[in-house]
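Summary of the model geometry
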Amino acid sequence: MKKSEIRLYNILLPLWLLMFMPPALLVTIPVNFAVDSAVLFLASHFVCRKMGKMLWKKCILKVFLLGFLADLIPAAILFALLFLLEGTPAEAFYSAAVTNPLSGVGSALIIFCAVLTASALIYVFDRFIAFKNTGLEKSQVHRLALFMAVLTAPWSFFIPAY
């Protein structure tokens, strides 16, 4: 009889990838999932009391992944603008705005636009993708998506980077 081999490829690959992944993501991902779960559960309690648990089971993965994508898109735009504005007169102002959003009204407005963009994306993703085929009425889907968009927007963008 032939002995079976044990291969550790699946164990080694994620450990190798962790070297390149920012350690903050190890905290951010579970916290984001917990916040999305709590908000979805509470929102479903207010909007459609009878379907709360079923709705959470059916939608949480889509809500979480699409919400994370909606947060990453404006963050990537803010990050890309740092490089695009390099060497221009706006570089110092924009750099200060991104690293310390509460340093002035202009800085706060730039970051508020990013949060608003993420919130709008969360609303659209949740309304038209995550809550699709849930058996809810359009008004319930609208209220759930609005609830998620406002409460799970990346308000942490306003936290200074230093």
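In this report, the structure presented in the accompanying data block is examined. (Residues numbered from 1 in each chain as written. Predicted model: local features only at pLDDT ≥ 70, side-chain atom pairs only at ≥ 80, totals over all residues. Heavy atoms only, no water.)

Side note on the overall build of the protein chain
As a reminder, the rule being used: The way it works is that DSSP assigns letters per residue, a run of H or I at least four long becomes a helix, a run of E at least two long becomes a strand, and they are numbered from the N terminus. Buried, partly exposed and exposed residues are distinguished by accessible area as a fraction of the type maximum, computed with a 1.4 Å probe on protein chains only: under 20%, between the cut-offs, and over 50%, respectively. The accessible surface values rely on the Shrake-Rupley method and a 1.4 Å probe; as for residues, cover is taken only from the protein chains in view.
Scanning the protein chain from N- to C-terminus turns up six helices and zero strands. Order of helices (α) and strands (β) in the protein chain, N terminus to C terminus: α-α-α-α-α-α. The proportion of buried residues among the 162 residues of the protein chain is 31%. With the model as given, the accessible surface of the protein chain reaches about 10,900 Å², and the carbon-plus-sulfur share is 74%.

A word on the side chain of Gln-140
What counts is decided by this rule: Here, two residues are considered to be in contact whenever any of their heavy atoms come within 4.5 Å of each other.
Its location among the elements puts Gln-140 in helix α6 (residues 138–151). Overall, the relative accessible area of 15% leaves Gln-140 in the buried class. Once residues within four sequence positions are removed from consideration, Gln-140 is found in contact with Val-47 and Cys-48.

Digging into α6
Residue pairs three or four apart in sequence face the same way in an α-helix, which turns once every 3.6 residues. Operational definition: Given a helix with a known number of residues, its expected span is that number minus one, times 1.5 Å. Directions from the helix axis toward the C-beta atoms define the arc.
End to end, α6 covers 20 Å across 14 residues, agreeing with the expected 20 Å (1.5 Å per residue, within 8%). Those residues of α6 that fall on the buried side of the exposure criterion are Gln-140, Val-141, Leu-144, Ala-145, Met-148 and Ala-149. Buried residues in α6, looked at end-on, bunch into an arc of 165 degrees, giving them a common side. On the buried face of α6, the contacting elements are α2 (24–47), α3 (52–84) and α5 (105–130).

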